[in-house]
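Spelled out, the chains give:
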Amino acid sequence: MKLRIPTITLLFALTVSAASCGDVTDSIVTEATEPQQTSEVVRTPYIEKNDYGGAVFTVFAPEWGSYVDYMFAEEQTGDAMNDALYERERLVEEYLGVNIEYLLEGTISETSSKVNSVVMSGDDTYQLVLTHCISQTADMVSKGLLIDWNDIDTVDLTREYWNQHCNDGLTVYGKQYYAVNDFMIPDPNAIIFNKEMIENYSLDDPYQLVYDGTWTLDKMFEMSAAVTNDLNGDSVYDVNDQYGFAAEGDWMLCSFLYSSGIRLTEKSDDGGLELVLNNERMYSLVDKLDTFFNRSNSAYLWKYGAAAEEQLDMHSGRILFRLIGVKGVKNYRDCEVEFGILPYPKYEESQTEYNTNDWSGLMCVPITAGDADMIGEVCEMLAFYSADTTLPAYYDVVLGEKLARDDDSRKILDIIFDGIVYDAGSNFLGQTNNMFNLYYTIPFMIFRDGSGDFASWYGRYEHGALGEIEQLLDDIKN
């Protein structure tokens, strides 16, 4: 899956943007078509047109921000994202003769129980279920509630709109119960940076560092140190001072594992999973981040849920780098500070990609869902039409007017989205007791506890984590 605005889009993608995005649209139209081009090229789906006689296709999802804001639309409203969602649904319904309905209900921790209830009663209430990225996922697999995507004949997981990192990372013993395609809007982490501070301190161009492959942790540390300043001269670094780096000390810190080329688990020779966190690179990463967060003055972090006055945001003009979820960029539309967007830095230059993990959701199909052929075709077409509807609109939502004319930001988003990876260790077991603590080593051990003693931390949870992995593997085998 490559979350990119296609070079040539369907007419809808241009007309919706033109109607709703003002000046932002002009840049999209310019990029999407040649100046003298007079005809549209419409992509042809490999799925043949079909008529399922108005069969209902129900998508179930928890009432969670990622789904409430970016997945469903009941009617056209003139909002570009909303209308793109509505148009995607209409195109699929007309192409396959189905009626797509959405049911948002419950919290992310209730999804498994709701699916279990439907399956136990033998109902085909849900044709597709959208989950949280780590919550309740192993539970549904262990209870045998889900269909292996490989068993749906009308699904072609090799198509470009299916995320191949997900296909590989979440396949265990040849079985894949969760998938992601372009129907889903991912939410990777990223970094926004203060352009004015880069210029004022004569620092390296961050965009060029990314393109050159030299945007690394050490470079981020170096640049952060260059701008850190005890503004009031009281020798106490607090929220009133200037920093190179700022972040909420919680889930976003976990993404430094993936940007550093580290995983909780990897595939074993027999297709199972091995716990691989206890390695030399992890010890080095812990040392680097412990020094940066706890033993320098260059980083300012605050607890999850801290009061607004305890946080330090880009609006202040007093930070160089700020961790965010990509969907959160829209919250900076009114920011007077000129900023750009970056991927998380690599651990070392030799890494070939800028990687991060996805904090959005996963797709799965209950075993009682009904007509598998119809389900597969709808999932394929939802992904296919996303390239011409929701994905261009989503770029507009994320970038907004402030970044719309910044070609680099669009290129960086492509790099971020193309580098999303999945890890069975976190996606299946990221909320089980021991694996949860290993997954959250950076926010819990380094930030919360102020420690760099990974050997002791790992030793505390290793045995339990191995047991959790073994239980998952036994459930999948059986």
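This section reports on the structure supplied with the text.

Reading the values: rules and limits
Residues numbered from 1 in each chain as written. Predicted model: local features only at pLDDT ≥ 70, side-chain atom pairs only at ≥ 80, totals over all residues. Heavy atoms only, no water. Helix = DSSP H or I, 4+ residues; strand = E, 2+ residues; numbered from the N terminus. Rg over C-alpha atoms; globule rule 2.2 N^0.38 Å. Buried < 20%, exposed > 50% of the residue type's maximum accessible area, 1.4 Å probe, protein only. Contact = heavy atoms within 4.5 Å. Areas by Shrake-Rupley, 256 points an atom, 1.4 Å probe, with all protein chains shown as cover. Lys, Arg positive; Asp, Glu negative; His and termini not counted. Charge placed at Lys NZ, Arg CZ, Asp CG, Glu CD. Pairing = 2+ DSSP bridges. Axes fitted to C-alpha atoms, helices over the stretch in contact; angles between N-to-C directions. Core = buried A, V, L, I, M, F, W, Y, C linked by side-chain atoms within 4.5 Å. Parallel < 35°, antiparallel > 145°, perpendicular 65-115°, else oblique. Nonpolar A, V, L, I, M, F, W, Y, C, P; charged D, E, K, R; others polar. Phe/Tyr/Trp six-rings, centres within 6.5 Å; stacked < 30°, edge-to-face > 60°. Lys NZ or Arg CZ within 6 Å of the ring centre and 35° of its normal. Disulfide = S-S within 2.5 Å. Left-handed = near helix turned anticlockwise from the far one by under 90°.

Observations regarding the overall build of the chain
Then step 1. Helix and strand counts for the chain come out as 19 helices and 15 strands.
Then step 2. Taking 23 Å as the expected radius of gyration for a compact globule of 478 residues, we find that the chain reaches 23 Å, a close match to that expectation.
Then step 3. Along the three orthogonal principal directions, the C-alpha set of the chain runs to about 75 × 60 × 40 Å.
Then step 4. Out of the 478 residues in the chain, the part that is buried amounts to 59%.
Then step 5. Contacts in the chain between residues at least 24 apart in sequence constitute 79% of all its contacts with a sequence separation of at least 6.
Then step 6. A total accessible area of about 18800 Å² is found for the chain, and carbon and sulfur atoms account for 44% of it.
Then step 7. Computed over 31 positive and 81 negative side-chain charges, the inter-centroid distance for the chain is 3 Å.

Quick notes on the sheet that holds strand β3 (residues 128–130)
Working definition: the strands of a sheet are paired by backbone hydrogen bonds and lie parallel or antiparallel to each other.
Then step 1. An order of β2-β1-β3-β14 is seen for the 4 strands of this open sheet, with the pairing classed as mixed. Edge strands, defined here as strands with exactly one partner in the open sheet, are β2 (98–104) and β14 (363–364).
Then step 2. The pairing of strand β1 (residues 55–61) with β2 spans 7 bridges and is classified as parallel. Within β2, the residue paired with Phe 57 across the bridge is Ile 100.
Then step 3. Helix-sheet contacts for helix α13 (residues 372–386) involve β1, β2, β3 and β14, and the interaxial angle to β1 is about 65°.

Digging into the nonpolar core
Then step 1. Leu 130, Trp 149, Phe 245, Phe 256 and Phe 293 are the most contacted members of the largest nonpolar core, which totals 163 residues.
Then step 2. Excluding anything up to four places from it in sequence, Trp 149 contacts Leu 128, Val 155, Leu 157, Trp 162, Gln 176, Tyr 177, Tyr 178, Ala 179, Met 363, Cys 364, Val 365 and Cys 379.

Focus: the packing of helix α10 (residues 217–227) against helix α12 (residues 280–294)
Then step 1. Axis separation between α10 and α12 bottoms out at 12 Å; the angle between their running directions is 10°. One finds that α10 runs roughly parallel with respect to α12. On α12, the residues touching Leu 217, Asp 218, Met 220, Phe 221 and Ser 224 of α10 are Leu 285, Lys 288, Leu 289 and Phe 292.
Then step 2. The residue inventory of the contact of α10 with α12, partitioned by class, reads 6 nonpolar, 1 polar and 2 charged.

Quick notes on the pairing of strand β12 (residues 339–342)
Then step 1. Residues Phe 339 and Ile 341 point to one face of β12 and Gly 340 and Leu 342 to the other, with burial holding for every one of them.
Then step 2. Both strand β6 (residues 189–194) and β12 contribute to a ladder of 4 bridges, which runs antiparallel. Bridge pairing in β12 links Ile 191 to Leu 342.

Quick word on the packing of aromatic side chains
Then step 1. In the structure shown here, the tally under the stated rule is 32 aromatic pairs.
Then step 2. Aromatic pair Trp 64 and Tyr 67: ring centres 5.4 Å apart, planes at 75°, arrangement edge-to-face. Considered together, Trp 64 and Tyr 67 belong to a single accessibility category, that of buried residues.
Then step 3. Both rings, one in Tyr 70 and one in Tyr 394, keep their centres 5.5 Å apart while their planes meet at 85°; by these two values the pair is edge-to-face. Of the two residues, Tyr 70 is situated in helix α3 (residues 65–70) and Tyr 394 in helix α14 (residues 390–404); the sequence distance between them amounts to 324 residues.
Then step 4. Positioned above the aromatic ring of Tyr 347 is the side chain of Lys 288, whose terminal nitrogen or guanidinium carbon lies 5.8 Å from the ring centre.

Comments concerning the state of the cysteines
Then step 1. Using the criterion set out here, one finds 0 disulfides in the structure.
Then step 2. Considering cysteine sulfurs only, Cys 364 is the nearest to Cys 166, which forms no disulfide, with 11 Å between them.
Then step 3. Free of any disulfide, Cys 379 has its nearest neighbouring cysteine sulfur in Cys 364, separated by 10 Å.

Some words on the packing of α12 against helix α18 (residues 441–448)
Then step 1. Orientation of α12 relative to α18, taken along the N-to-C sense of each, is 50°, at an axis distance of 10 Å. The angle between α12 and α18 falls in the class oblique. You can see that α12 and α18 cross each other, and the crossing is right-handed. Residues Met 282, Leu 285, Val 286, Leu 289, Asp 290, Phe 293 and Asn 294 of α12 touch α18, and the partners they reach there are Thr 441, Ile 442, Met 445 and Ile 446.
Then step 2. Broken down by class, the residue content of the contact of α12 with α18 amounts to 8 nonpolar, 2 polar and 1 charged.

What to know about unusual backbone geometry
Then step 1. Positive phi, normally seen in glycine, also occurs at Gln 136, with a value near 70°.
Then step 2. Looking at the secondary structure, you find Gln 136 in the loop between β3 and α6 (137–142).
Then step 3. Judged by relative accessible area, which is 26%, Gln 136 ranks as partly exposed.
Then step 4. Here the phi dihedral of Ser 202 falls at roughly 55°; this positive angle occurs in a residue that is not glycine.
Then step 5. Looking at where Ser 202 falls in the secondary structure, it is placed in the loop between α8 (195–200) and α9 (206–212).

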